[in-house]
Amino acid sequence: MKQKNQRIMVSTKNKQGKIFSIPTKQRALILQGGGALGYYEIGVLQSLCDHLFKRLSTQEVRSELHEPQRGSVTENDVYTDGNNKKYYEEQYFDIVAGVSIGAINAVFLVDYVLKNNGNWIDCANKLKSFWNNFEANTIADGPMFQIMWNNYRMFNPLIASTESARRYWSFYQLTCNPYPMGSSPNLCYSVYQYDDRFLSPLNAFYLYNYKPLKQLMSSSINYPIKTDVEKNQPRLLLLSVDVMDCSSPVLFDSYRSYKRSCDVCGKDLKQNRLLANHIREHLCEIARKKDVDNEILEKSVSGNSITDEQESNSVWMTIYGDEERDDQKHVVVHNGIDNDILMTSCLFPYSSNHTKLYDLCSKGIRTFWDGAFLSNTPLREVIQKHKDFWSDYFTANDIEYDKFGEHEKEIYENHKNGKIPTSPKIPDLEIFIVNLYPAVETIDSGLPRGKDKIEDRINDIRFHDRSKYDEKVAHLITDYIDLTRELIKLATEKGKVSKEEIENLLKTTGESTKRDVKQKRTWTQLVEDKFRVKVYRIDREDDKDTIFGKASDFTPTTLAKLYDDGLKDADKWFKEYYEEWEINV
């Protein structure tokens, strides 16, 4: 029989005889930034849970299996929800990546799973309940405003629809008025800022203080979030941007580093424990500076929460910038995912109290803004992080793995014949993207007219999913790798080229450099660490009543519609587009 989406594991031993279980496939969820539009993501999440993880009962499965195999179902794998429906305990998403409001959703989801011992059941409903903290009542959301506006339209039918006016004036009240009239409770409050440079009223603006959001997240989440692949815990990735260096996005990771070389000085270290101690030496260099800010430096140091030897010998860090230039490369160490790291992805430019962290390379302070302004759909970054983690993990644990993987047609042929791989490789990756900003305008046939319509379309263009080209490039590289492998195979089978000649050829140094150190890649490294990537997108579409400030409308009416739209759109998408990866067992 075919088990759809089943988590097939490959057992292997490292050189010391320790047994490891490596998945053949993992699943990622990418949540965009978009303010109030993040409620749409919850509707999509509910649909994903309903379609991907609500399954047959244990009895029905066992009646079809002739004999149990690794990865098959047991009674302990089955849970019952409130409607008495049975479905499997499974890692819904191995990776949850978020930007801005998507980062808040991602942090809540991973924290929920950790609090429930790996159980994802009811995660969408719990996240939906959490969002009650963000609901904001406005004057325009009440019946009197709508009656009044309907009367206006009787005399002037050219003005905005009542629904569009409700959204616009709700947005205006929440973002363009000082506290306590404006803002959403538990989110932020605004402070009017005068132009003290040119003394121009045109340059005045509102500065938003997110202290209420910080307090809410601190009281709701068990920080720091540090997850472990060996405990079957999901990986949390949050994307940000360095204010002074936007050459590459900044990704903060809940998984500890398995690297064996120092990205600061290039020193080669054989064990992760040695790297952690070595990084502390770099932190001590900063601590000896006269003008060091100890409060900022402490964010890079593991606190008193360390409870086991493994954590004390681990390090969490992110590397970004131009890795080929020492003066433009940045290495930032952090203590897992905490409130400060979450805020690196959430606080947009017109905010106060942005997160600051020390750079181990320059020994200076880096400041971070909302990652949506650089990459609101971090597909390329997630794929690269996935590859880097597993290659580092295999190397650090002395695990022999299949660096070249299978050819695409070999994969399907083996699956068709029921063959499960005998040696591990980097797991294939199935990615779900929730796109909050429409790339294609389907409502208005002509060019947008009026300031609000123009600004709304500008935001759609700025923040929509631009990762399709990244996906095409990933597939193109896969084709080149397959072609290279086929040419090597053809040359050796025909006896035209010896194995030794092939090996010498692959040792040739190319022009590209490795990401972790300033070292040229060999041709062998160009075709290593291959895995399949399959990307699915659920796109939100604007309606005729859309406004520029849709990301700031946290009224109950708007949020309810966003959730319903997300649920309906994803349900429709599953029926029309989704093709499950099927594995014979």
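Treat the numbers as computed from the prediction; the structure is a model and nothing was measured. (Residues numbered from 1 in each chain as written. Predicted model: local features only at pLDDT ≥ 70, side-chain atom pairs only at ≥ 80, totals over all residues. Heavy atoms only, no water.)

Attention shifts here to the overall build of the protein chain. Per the secondary structure count, the protein chain includes 18 helices and 20 strands. A total of 585 residues make up the protein chain; the buried ones form 50% of that total. In the protein chain, 73% of the contacts between residues at least 6 apart in sequence involve partners at least 24 apart. Roughly 28700 Å² of accessible area belongs to the protein chain as shown, and the carbon and sulfur atoms make up 51% of that amount. (Helix = DSSP H or I, 4+ residues; strand = E, 2+ residues; numbered from the N terminus. Buried < 20%, exposed > 50% of the residue type's maximum accessible area, 1.4 Å probe, protein only. Contact = heavy atoms within 4.5 Å. Areas by Shrake-Rupley, 256 points an atom, 1.4 Å probe, with all protein chains shown as cover.)

On to the packing of aromatic side chains. Applying the stated criterion across every chain, the model contains 45 aromatic pairs. Plain terms: the ring middles of Phe 93 and Phe 432 are 6.5 Å apart, the flat faces sit at 80 degrees to each other, and that makes the pair edge-to-face. Placement of Phe 93 in the loop between strand E6 (86-88) and strand E7 (95-98) and of Phe 432 in strand E16 (residues 428-435) is noted, with a sequence separation of 339 residues between them. The class of Phe 432 is buried, set by a relative accessible area of 0%. Positioned over the ring face of Tyr 563 is Lys 128, at 3.8 Å from the centre of the ring. Against the face of Trp 316 rests Lys 226, its NZ or CZ located 4.4 Å from the ring centre. (Phe/Tyr/Trp six-rings, centres within 6.5 Å; stacked < 30°, edge-to-face > 60°. Lys NZ or Arg CZ within 6 Å of the ring centre and 35° of its normal.)

Attention now goes to the pattern of salt bridges. What the rule picks out here adds up to 30 salt bridges. Between Asp 340 and Lys 299 there is a salt bridge, with its nearest N and O atoms 3.8 Å apart. Of this pair, Asp 340 sits in helix H11 (residues 339-346) while Lys 299 sits in the loop between helix H9 (294-297) and helix H10 (309-312), placing them 41 residues apart in sequence. The partner of Arg 540 in a salt bridge is Asp 542, and the shortest N-O contact between them spans 2.6 Å. Each of Asp 141, Glu 163, Arg 166, Arg 167, Asp 543, Lys 561 and Asp 565 takes part in salt bridges that share partners, so that together they form one network. (Salt bridge = Lys/Arg side-chain N within 4 Å of Asp/Glu carboxyl O.)

Right, let's get into the packing of helix H1 (residues 38-53) against helix H4 (residues 123-130). One way to put it is that H1 packs onto H4 with a least axis distance of 9 Å and a crossing angle of 165 degrees. Between H1 and H4, the angle is such that the two are roughly antiparallel. Here H1 runs over H4; the crossing is left-handed. When H1 is examined against H4, the residues Tyr 39, Ile 42, Leu 45, Gln 46 and Cys 49 are found in contact with a partner set consisting of Cys 123, Ala 124, Asn 125, Leu 127 and Lys 128. Among the residues forming the contact of H1 with H4, the class breakdown is seven nonpolar, two polar and one charged. (Axes fitted to C-alpha atoms, helices over the stretch in contact; angles between N-to-C directions. Parallel < 35°, antiparallel > 145°, perpendicular 65-115°, else oblique. Left-handed = near helix turned anticlockwise from the far one by under 90°. Nonpolar A, V, L, I, M, F, W, Y, C, P; charged D, E, K, R; others polar.)

Between H1 and helix H18 (residues 556-576), the shortest axis-to-axis distance is 7 Å and the interhelical angle comes to 35 degrees. Of the two possible hands of crossing, H1 and H18 adopt the one that is right-handed. Contacts from Tyr 39, Tyr 40, Ile 42, Gly 43, Val 44, Gln 46, Ser 47, Leu 48, His 51 and Leu 52 in H1 reach Leu 559, Ala 560, Leu 562, Tyr 563, Asp 565, Gly 566, Leu 567, Asp 569, Ala 570, Asp 571 and Phe 574 in H18. Classifying every residue of the contact of H1 with H18 gives 13 nonpolar, five polar and three charged.

For the rest of this paragraph, the subject is the environment of Lys 468. Tracing the chain through its elements places Lys 468 in helix H15 (residues 468-493). Sequence separation of Lys 468 and Thr 377 is 91 residues, and the distance between their C-alpha atoms is 9.9 Å.

With respect to the helices, strands and loops of the structure, Arg 167 is situated in helix H6 (residues 162-175). In this structure Arg 167 comes out as buried when scored by relative accessible area, which is 10%. Reaching out from Arg 167, the side chain makes a polar contact with the side chain of Asp 543 at a distance of 2.9 Å. Engagement of the side chain of Arg 167 in a polar contact is seen with the backbone oxygen of Asp 545, the distance being 3.4 Å. Once residues lying within four places of it in the same chain are set aside, the contact partners of Arg 167 are Asp 543, Asp 545, Thr 546, Ile 547, Asp 553, Thr 558 and Lys 561. (Polar contact = N/O pair within 3.5 Å; in protein donor to acceptor, adjacent residues only side chain to side chain.)

Across five bridges, the pairing between strand E2 (residues 9-13) and strand E3 (residues 19-23) is antiparallel. Across the sheet, residue Met 9 finds its bridge partner in E3, namely Pro 23. In sequence, E2 turns back onto E3 through a hairpin of five residues, with Gly 17 there showing a positive phi of about 90 degrees. (Pairing = 2+ DSSP bridges.)

Looking now at the nonpolar core. Formed by 105 residues in total, the largest nonpolar core has its most connected members in Phe 93, Trp 131, Tyr 393, Ile 431 and Phe 432. With 10 residues, the single largest contributor to this core is helix H3 (residues 101-115). Apart from residues no more than four positions distant in its own chain, Tyr 393 is found in contact with Phe 20, Ile 22, Val 229, Glu 230, Tyr 258 and Ile 399. Counting residues in each nonpolar core, the second largest holds 16 residues, with Ala 276, Leu 283, Val 315 and Val 333 among its members. (Core = buried A, V, L, I, M, F, W, Y, C linked by side-chain atoms within 4.5 Å.)

Cis geometry marks the peptide bond from Tyr 223 to Pro 224, where omega comes out at -10 degrees. Along the chain, Pro 224 turns up in the loop between helix H7 (211-220) and strand E10 (235-242). Positive phi outside glycine occurs at Ser 100, with the angle close to 60 degrees. Residue class for Ser 100 comes out buried when judged on its relative accessible area of 10%. Positive phi, close to 70 degrees, is recorded for Asp 122, a residue that is not glycine. Take Asp 122: it is sitting in the loop between H3 and H4.

The values are spatial; any link to function lies outside them.
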